[in-house]
Amino acid sequence: MPLWLQAGFWGLLGGSSLVIGAALAYLVRLPARVTAGIMAFGCGILISAVAYELVEEGFRQGGIWPVIGGALAGSAAYTLANWLVSRRGGRHRKRSGEQQKAVSGGGMAIAIGSLLDGIPESVVLGVGLLGGGGVSLPMLAAVFLSNFPEGLSSAAGMRRAGRGRGYVLGLWGGIALLSGLAALLGAALLGDAPPALTATVNAIAAGALLTMIADTMIPEAVEGERGGTGLLVVAGLLVAFALSQQGG
């Protein structure tokens, strides 16, 4: 199987947990605190993956400056894009409570915002295959396990806002497919890239992901969990770190 096709498969697999989480939100009415706790755990997993799979590996490949420049560029780009999406009605796209009821005609903004959140991690899965060692299992686990609470929390909020099951599952299914496409393109376009460029791309994704965690995931976790967020974030970080050590 061509490398770019493998990348598309792994990106699709990582994005599929968005659909699983969204489906669960319609099958079971989980308490807001449970949803927020899962979100907090997912934050820890992603933070660990960013630190050990992206930033540290990027430093080994390209040195400090591609990491610093890429991370700042990724953070700035995500901040600007998130601000634009928020102005169009996507500010509360990950919220599981009543916030989405206040959004008028924000369905497209929510979709675009959710895709914005998923693109960096999907590209990383694709680029990670270029080293020849196969998919990074810790990174794949981090993407899969962090996407699940994102889909769950956002779909729970959409359900409370009155959006139908077909709309929500179709939305997340489409985002999962586009996640696979982003991973495919990442591998296809950067196949012959020098290490410094690969390190920069990973750092851009790292900056975007950390900013996404701070701007959209942690607020939902803190608001709903009310007390145990920090402990769950640490637990998620340690689980992902243990996976990375096993993978290494």
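Chains are numbered independently. Their residues run from 1 in the order of the written sequence. Confidence filtering applies because this is a predicted model: local features only for residues at pLDDT of at least 70, side-chain atom pairs given and counted only at 80 or more, and all residues used for totals across whole chains, interfaces and linings. Hydrogens and water are ignored here; the side-chain numbers use all heavy atoms of the structure.

> Please clarify how the overall build of the protein chain should be interpreted in this entry.
Within the protein chain one finds eight helices and zero strands. Every helix listed is a DSSP run of H or I at least four residues long, and every strand listed is a run of E at least two residues long, numbered separately from the N terminus. Shown N-terminal to C-terminal, the secondary structure of the protein chain runs as helices and strands in the order α-α-α-α-α-α-α-α. The buried share of the protein chain, reckoned over its 248 residues, is 48%. Relative to all contacts within the protein chain whose residues are 6 or more apart in sequence, the contacts with residues 24 or more apart total 86%. On the protein chain, roughly 11,000 Å² of surface is accessible, and the fraction owed to carbon and sulfur atoms is 68%. The classification of residues rests on relative accessible area computed with a 1.4 Å probe and restricted to protein chains. Under 20% of the type maximum is buried, over 50% is exposed, and intermediate values are partly exposed. Two residues form a contact once any of their heavy atoms are found within 4.5 Å. Residue exposure ignores everything except the shown protein chains as possible cover, and the areas themselves are Shrake-Rupley values with a 1.4 Å probe.

> Is there a simple way to explain the UniProt feature "transmembrane region" (unreviewed entry) in the protein chain in this structure?
UniProt positions are given in the numbering used here, feature names are shortened, and annotations may be inferred rather than shown by experiment. Per the UniProt record, "transmembrane region" (unreviewed entry) is annotated on residues 6–27, 34–52, 64–81, 166–190, 196–214 and 226–244. Structurally, residues 166–190 comprises 96% helix and 0% strand, and the distance from its first C-alpha atom to its last is 36 Å.

> Would you mind going over the pattern of salt bridges with me for this structure?
Pairing is possible between side chains of opposite charge, provided their charged atoms come close. Counted as salt bridges are all cases of a side-chain nitrogen of Lys or Arg within 4 Å of a carboxyl oxygen of Asp or Glu. Scanning the entire structure with this criterion turns up two salt bridges. For R60, the salt bridge is made with E56, and the minimal N-O distance between the two is 3.4 Å. With R60 and E56 both in helix α2 (residues 32–62) and four residues apart, this pair spans about one turn of that helix. Ionic pairing is found between E57 and R60, a salt bridge with its closest N-O pair at 3.8 Å. On the criterion of helical spacing, the pair formed by E57 and R60 is a turn pair, its members being three residues apart in helix α2. Exposure remark for E57: the relative accessible area of 30% places this residue in the partly exposed category. Look at R60 and you get exposed, because its relative accessible area is 60%. Among the charged side chains, a network of salt bridges with common partners joins E56, E57 and R60.

> Would you mind going over a nonpolar patch on the surface with me for this structure?
Patches were defined on residues exceeding 30% relative accessible area and lacking a salt bridge, with like-charge contacts within 9 Å and nonpolar side-chain contacts (Val, Leu, Ile, Met, Phe, Trp, Tyr) within 5 Å. Residues F59, I64, W65, I68 and L72 make up a contiguous nonpolar surface patch of roughly 560 Å² in combined accessible area. When residues in the nonpolar patch are grouped by element, the largest group, four residues, is from helix α3 (residues 64–90). Following the sequence through the fold, I64 ends up in helix α3. Assessed through its relative accessible area of 40%, I64 is described here as partly exposed.

> Honestly, the packing of helix α1 (residues 3–27) against helix α6 (residues 165–189) in this entry has me stumped. Any pointers?
Axis angle and axis distance: for two packed helices, these are the angle between their axes and the distance between the axes, and together they describe the pair. Orientation is described by axes fitted as lines to C-alpha atoms, over the contacting stretch for helices, and by angles from 0 to 180 degrees between their N-to-C directions. Contact geometry of α1 with α6 gives a least axis separation of 7 Å together with a crossing angle of 160°. Here α1 lies roughly antiparallel to α6, going by the angle between them. Note on packing geometry: the crossing formed by α1 with α6 is right-handed. Lys, Arg, Asp and Glu make up the charged group, whereas Ala, Val, Leu, Ile, Met, Phe, Trp, Tyr, Cys and Pro make up the nonpolar group; the residues left over, Gly among them, are polar. Classifying every residue of the contact of α1 with α6 gives 18 nonpolar, seven polar and one charged. Note on angle classes: values under 35 degrees are labelled roughly parallel, values over 145 roughly antiparallel, values of 65 to 115 roughly perpendicular, and the remainder oblique. Whether a crossing is left-handed or right-handed is set by the direction in which the near helix is turned from the far one by less than a right angle, anticlockwise for left-handed and clockwise for right-handed.

> Any chance you could explain the packing of aromatic side chains here in plain terms?
In this description, a pair of aromatic rings is defined by centroid distance and the angle of the planes. Put simply, two rings from Phe, Tyr or Trp (the six-membered ring, in Trp's case) pair if the centres are within 6.5 Å, and we call them stacked under 30 degrees between planes, edge-to-face over 60, tilted for the rest. Summed over all chains, the structure comprises two aromatic pairs. Look at F9 and W10: their rings are 5.0 Å apart centre to centre, the planes differ by 65°, and that puts the pair in the edge-to-face class.

> How do you make sense of α2 when you look at a structure like this?
Owing to its 3.6 residues per turn, the α-helix brings residues three or four apart onto one side. Each helix should span, by expectation, one fewer than its residue count multiplied by 1.5 Å. In a regular helix each residue adds 1.5 Å, so 31 residues correspond to 45 Å; α2 covers 43 Å between its end C-alpha atoms and thus fits that length. A positive phi of about 90° marks G63, the residue just after α2.

> I would appreciate a short explanation of the packing of helix α5 (residues 137–160) against α6 in the present structure.
Two elements in contact, α5 and α6, have axes separated by 10 Å at closest approach and are oriented at 150°. Considering the angle they form, α5 stands roughly antiparallel to α6. When you trace α5 past α6, the crossing you get is right-handed. Of the residues in α6, those touching α5 at E150, G151, S154, A155 and M158 are V168, L171 and W172. When the residues that make up the contact of α5 with α6 are grouped by side-chain class, the tally is five nonpolar, two polar and one charged.

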